[in-house]
Amino acid sequence: MKYYRFYLLFILLIGAGGCNFLNYDESSDYTKNDIFSNFDRTKSFLTNIYSHLPDGFNSIDGAMRASATDEAEEVWDLSNVQKFNDGSWSAIQTLDTQWSNMYSGIRAVNLFLKESKGNTFEERKYNDDYDQMMEQYKIYPYEARFLRAYFYFELIRRYGHVPLITSVLEADQANSIQPASFDEVASFIVNECDDIMNHLPVNYANVPNKETGRATRGAAMALKARTLLYAASKLHNPDGSLDKWKEAAAASEAIIDSSWYSLANNYSNVVNNYKSNELILGRRLGTSNSFEKSNFPIGYEGANPGTCPTQNLVDAYEMQSTGESITAQGSGYDPVHPYTDRDPRLAKTVIINNSQWKGQNVEIWDGGRNAPPLDRATKTGYYLKKYVIESVNLDPTHTTQKEHTWVLFRYGEVLLNYAEAMNEAYGPEDPANLGMTAREAVNMIRNRANMPDFPTGLTQDQFRKKLRNERMVELAFENHRFWDIRRWMIGPSTTDIYGMDIKKNNDGSFSYHKKLVEKRAFEDKMYLYPIPESEILKNGNLNQNPGW
Amino acid sequence: MTKNIHKKFKVMERKFIKISICLTMFSLMFIGMAKAQQNEITGIVRDTSGKPVQGAIILVTEHSDTQAVSDKDGKFVIDGQIGQHVEARTENKASGKMKIVKPDINITLKNGTSVIPIGFGQTRKVDEMTSSVGFVSGQKLTNKGVINPENALYGLIPGLTVLQNGGEPPTNVNMFIRGRETFNDNSILVLVDGFERPLSSLSPGEIESITVLKDAAALAQYGQHGANGVLLITTKRGKSDELQVNFSYDQSITSPTRLPEFLNSGTYASAMNEALQNDGLAPRYSQAEIDAYNSGADPYLFPNVNWFNQVLRDYGNRSNFNITFNGGVSNAHYFVLMNYVNDQGLFSPVNQNDGYSTQLKYGRFNFRSNLDVNLTDNLLFQVDVAGNVINQNKPKGGNGPSQIFNALYSIPSAAFPVKTPDGNWGGSQIYGNNPVAITSSTGYSSPNSRELFLDGKLNQDLNKFLPGLSAEAAISYNNYASYWESKTKQYSYEVINPVLDNGGNIIDTTTTTYGEDTELNYWSSFGNQRRSSDLLGKLNYSRNFGDNELQSMVLFHQNSMIFNGQNNTYHRRNFAGNIHYGIKQKYYLDVTASYSGNNLLPKGNRYGIFPAVSGAWILSKESFLANANFLDRLKLRASWGMTGNDRLPTNNPDIQAYHGGNGYWFTNQNNYQGGFVEGRLATSNLTYESSYKTNFGIDAYLFNKLALNIDLFYAKRTNILTNTDGLISNVLGVQDPLSTDGIVENKGIDVDLLWQDHVGSLQYHIGGQFSYAKNKILDMNEAYRPYPYLKRTGNSIGQSFGLQAVGFFKDQNDIANSSRQLFSEVRPGDIKYKDQNGDGVINEYDEVPLGYSTGYPEISFSANLGFDYKGIGVSALFQGTAHYNAYLNTQSVYWPLRANNTISSYYYNRRWTAANAQSATFPRLTTESNDNNFRPNSIWLADRSFVKLRMLEVSYALPVSFIQQWKMNSVKLYARGMNLFSIDNIDVLDPEFVSSGYPTLRSYNLGLHIAF
């Protein structure tokens, strides 16, 4: 019967569906093997790890870390950075949680080291650039290890003790990992730096593609030196071991001795400048104007400040003629003209009243164009200048953006680290076996700033005091003060925040009155961050830092 | 929470007690009326709409050799005695049965309800069902005055919750069967004639019936694809040998159910000043300006525009033509439908252009041809061809209507005039686009779509091999594609600025022109597409052995669905079988199982087995209930089984993908290089969600008048894909894998009641439905929460969370003495919150569960009533929901003045001011973003419960004797209203559409239905 043909058709159709009917897969994502069998993707995987390097532009809820120190006060009351100051942070209300970001960077490094090992990228073997490619590839593991060491440094300066993970974890291992002490992690960082530094190029001029911005030998040395400096500091060296200071001094000296770096001629060029010969490692960024938007003085088009330098910081700038602190007798300080004859770095760091900004006089007096009572005007009488690129245009019709580079390590810091370690280990004037005294090192910084040398004959204490002031001034807004306060354990002395009340007199002159802006909270527990409560609940082996 | 549940069950308990008291009273009245007495029984057979049915076969169950046939008035005479049963049947399987209690009886034929589709082409007598299904005949969809059958389903089937989504055609809905059981994809499976296709693609007139499969016994045969519930749509087929033509025409006018009112310009200006003052800012309008707005003397400089009146006309309109042909010869039958719908929207200034209109138009042509051919005595061949063509017209580009409404809900009446004195469009640099200009001067777009459904099916009777055996095979192919054409343009507008003298008086005006008038600019794009094909093979075996009856089937089904884009191709395969076994027509047992799989799951984990068992016991046939004359039918049902849900919330979670991540800048040119990152860890043991469903049901038919169905259900869904972020320490350094740890339970009740009777010639019915589905998350791998009340686990899916408002700040003192609120600067008149954890600050950690979900209601209910008297009919459908919340964040209406938006009179009259601090229900006016006030909290979370009159119809059927002279079988005229009113707490907006989009519509229909 003819209709049996229909059955035949249906049987055929069912047969055509076949057993592979459910094996249909449209996914086109790369797998692990796709990444690490291909040079370009392997490289991109490492490139991504660089992006875990933190920058300091508005990194804490739209504000700078400086606003959690006596360097600055954030205008926006509701930014989380204020919680550092009002003491309302806790293991539940965590701040600046780099915990996850750093550990994902660390995992990526561990994975990179494991998976990229010994690859020869056979399919590229007959390309002309194969040798150049492999020359870069040879350096990659050391770059990755540098980055991992740096991530651990970021972790221990926050949390003190943290799990030290150097392999790729499985999901079920993460909750039972044991933490390592600050010293264990610090020596891991130092050992890693020692291991890798000679495999990293001094610079990338002779490496194919000339990819400056990558980790260099100097970066590894600087990381080691800073780690040792932190390890020698009071917070982590309660016994005051001098050997730790000596190690720190020697590590900094190695960089000075290399002569690879020099101080930039102009202090204005030390930040936002990835080509500077002073820069050891920067956190590079693309073009943007968001930092300018949040730091141009109020009243400038598109401005919405921002980070405002405090009177505490401004007072730290010494008198240029005498080299003395403004509070010292005979310093030459004139309260009526408070900004005359000051350390030139002040004018390069802070926008002061009646100074020029974008072709206009900045009016920070009461009722001025850029001052209270305008909403979001400065609370301290100052606006930030360092890192803010004046030429950026925020006019909505002609908006421009600029490249920014955040300084992670620069030669100036190395000199100050050296000076500090030398002073602690040997006093201000003893070169020991390292060739340069603490005073000579800091005077290099002073010379570049056109400031008089540190006087001779200072005691170790006097030198320490003056050096700490120098460090506050030279490294202002570079994410150092916050950590220095902690490692020196001087928190309580930084809680009274002052600003300047500025009135314009009828004759066009100004009267300046120092005023208390804020009294901040500081407790001993704040020398370290609390480990997030959620992490402790998940991993019972983690223990909370004291006081939290 | 548990306390709440107790309360609800208590309420239900009370309802049951009331119902049982009623039942007892009725039974007392009727018991004893039955007396055994041989008699000549006369009666009338009517269909469910009350029309007499001619040609029905009547028999007395107890001696079935006696038969009678109803005449043209539905009348019949038959011998029988009181206490016996009379059955009536027609060719198209409609049937009715009732006990004789008096010598003249009325039999109502339950059209098609006696045998209903239960999936895969199977049908089953309602009496024999062991599973929980809901059913509605297509007839009930055609009197709802809608063009999209989805909109006809409100309140029709208990357990099926249908939520409206705005009023722009085709007004698709959200449907849930027994609420939600997963926090992933809850979408239900919609099958048209057995294959997955959207219900909205059909016209109501081609639907024979809709079945809702609810419990595991009904759903297990769909294996991995059934757990969210299934909607089975069966289309009409040719039945009679004579040609029957049905024609209907429906003309309606539509208007928005509710539109908010915004302030006139004078009041707006003073409200704005008040807001600015509250914010500590300078006022924007001087008193002279406010006076000028109020006087209206200068409509250009001080306009007062009611934008809604300018942009919307009072009514849209809609026509609906439907014609069907049903007929055939002895071995071939056909059903052919053509339906044309033309809907014209609400926009008013649409014809000011050369040769084109920018009206919102929706034109749809539907066709269907279902053909049944008996190729031989044993071989039935069915070919169905159906589809639709949709042509639309919209102002501006594709999102024109939403942009226009967005402008209507934001531009203040004081912003600018519609047109300037020169006849150009008014506008401003501050407030946004002129809604009248967008409507009329930005061109139009026309989305077009086509859809085709093609089914072929063979059914071979294999009686000669084995009595009771038959085989089926079917193929189906479906294709949908849409295509957009747009012709859009830009317009120029003028801003009028005053010129002031030194005293601030206006001495002149200047106008500045912005933008430019352009020509229409053509573009087109491919919109969307969907293709699917199915293959089905099936063996049926049905036989009776003495008192035992057996129906069974095994089937193979495979389906492929292809949507636009990647990872959007689904291949599914299913082997299923069912055995239905009955003993003495009293005891029924079903065993169902499916072995089904799909391509989304990893190899080795693709297939699952889904078993279910169910049973039914017809108590009313037991001898001990033989004397309960009031009890025409009483059945108990129970089922348990497992179904699955294979809808994954994300693609390929079982594979760890590496994808593009942040890059970095290298070289002395700062060149950006891209980065790759490790993606989320792979899910091990990825599998489908398993739903274990238990159901108990009672079906009863009492006094030959009251039909009652009650279902109680409990379901537990496991293997729900959920993230593990809360469980694994972040030192892992990569996104945790999704795990299949999620567990949700869902329980509730469906009740369906229908009382049908007549008083003389007055036929009437009154019915009610009630559905309650309460789910609870038992496990979702929830992240660490610092306070227990923040936990989502233990709450329902989508439970609303927010801050508990305790009032408004009275003054600065009040602010100083209260907990610090950390969202934004707080001023008097701002919302004051409860400090839930007593830590002295109000932040996200003070958010607590508030109300219910904003996504779906836990309770839905409906009531339908109607009567018919000598051709005059009235029917009404009420539908409502409860345990349902809305988040009131509609711009301008609830969150006014921010971002230069306008303000509704509703808000203005309820705002906080220092003078009415006691009676205010909304916070102070502000122009700032004010994160303190405008965030999830108890002020904005409103009770969304409502009762709506979905449909009210008055109809008149011309007397048969009168129309027969024109060879017509029936002529019906009707007037209908849809969505006539809503009783709710939302007041200014439709509770189902608290949003600034194209509004939901009310419609008034006039129509005519003729059958030849």
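Small disclaimer: the values here were computed from a predicted structure and weren't measured.

Draft legend 1. Quick peek at the overall build of chain A. Helix and strand counts for chain A stand at 17 helices and twelve strands. Here the C-alpha coordinates of chain A stretch approximately 120 × 60 × 55 Å along the principal axes. The buried share among the 548 residues of chain A stands at 58%. Here the contacts in chain A between residues at least 6 apart in sequence split such that 69% fall between residues at least 24 apart. Surface accessibility of chain A: about 21,500 Å² in total, with carbon and sulfur atoms responsible for 48%.

Draft legend 2. Focus on the sheet that holds strand β22 (residues 425–426) of chain B. All names here are of chain B. Within the open sheet, the three strands sit side by side as β22-β25-β26. Their pairing is mixed. The open sheet has two edge strands, β22 and β26 (506–514), and neither has a second partner. When β22 meets strand β25 (residues 493–500), the two strands line up parallel, connected through two bridges. Bridge pairing links G426 to E494 in β25.

Draft legend 3. Region of interest: the domain arrangement of chain A. All names here are of chain A. You can read the domains of chain A as domain 1 (1–60 + 97–213) and domain 2 (65–94 + 290–400 + 489–527). Of note, the centres of domain 1 and domain 2, computed from C-alpha atoms alone, are 42 Å apart. Across the boundary between the two partners, domain 1 contributes five residues, which contact ten residues of domain 2. Summed over the shared surface of domain 1 and domain 2, the result is zero salt bridges. At the junction of domain 1 and domain 2, the tally comes to one residue pair in polar contact (both at pLDDT 80 or more). Tallied by class, the residues present in the side of domain 1 that touches domain 2 amount to two nonpolar, two polar and one charged.

Draft legend 4. Spotlight on the pattern of salt bridges. Residue and element names in this part refer to chain A. Taken as a whole, this structure holds 87 salt bridges over all chains when the rule is applied. Between R158 and E154 there is a salt bridge, and its shortest N-O distance comes to 2.6 Å. Taken as a pair, R158 and E154 lie in helix α6 (residues 130–159) at a separation of four residues, close to a single helical turn. E154 shares its class with R158; the two are buried.

Draft legend 5. Layout of the sheet that holds strand β15 (residues 207–213) of chain B. All names here are of chain B. Spatially, β10-β15-β16-β13-β14 is the arrangement adopted by the five strands of the open sheet, whose pairing is mixed. Sheet topology places β10 (133–137) and β14 (195–196) at the edges, where each strand pairs with a single neighbour. By the bridge criterion, two bridges tie strand β13 (residues 189–192) to β14 in an arrangement that is antiparallel. Paired with V192 across the bridge in β14 is F195.

Basis of the calculations
Residues numbered from 1 in each chain as written. Chains lettered and ligands numbered in written order. Predicted model: local features only at pLDDT ≥ 70, side-chain atom pairs only at ≥ 80, totals over all residues. Heavy atoms only, no water. Helix = DSSP H or I, 4+ residues; strand = E, 2+ residues; numbered from the N terminus. Buried < 20%, exposed > 50% of the residue type's maximum accessible area, 1.4 Å probe, protein only. Contact = heavy atoms within 4.5 Å. Areas by Shrake-Rupley, 256 points an atom, 1.4 Å probe, with all protein chains shown as cover. Pairing = 2+ DSSP bridges. Domains from an automatic or database assignment. Salt bridge = Lys/Arg side-chain N within 4 Å of Asp/Glu carboxyl O. Polar contact = N/O pair within 3.5 Å; in protein donor to acceptor, adjacent residues only side chain to side chain. Nonpolar A, V, L, I, M, F, W, Y, C, P; charged D, E, K, R; others polar.

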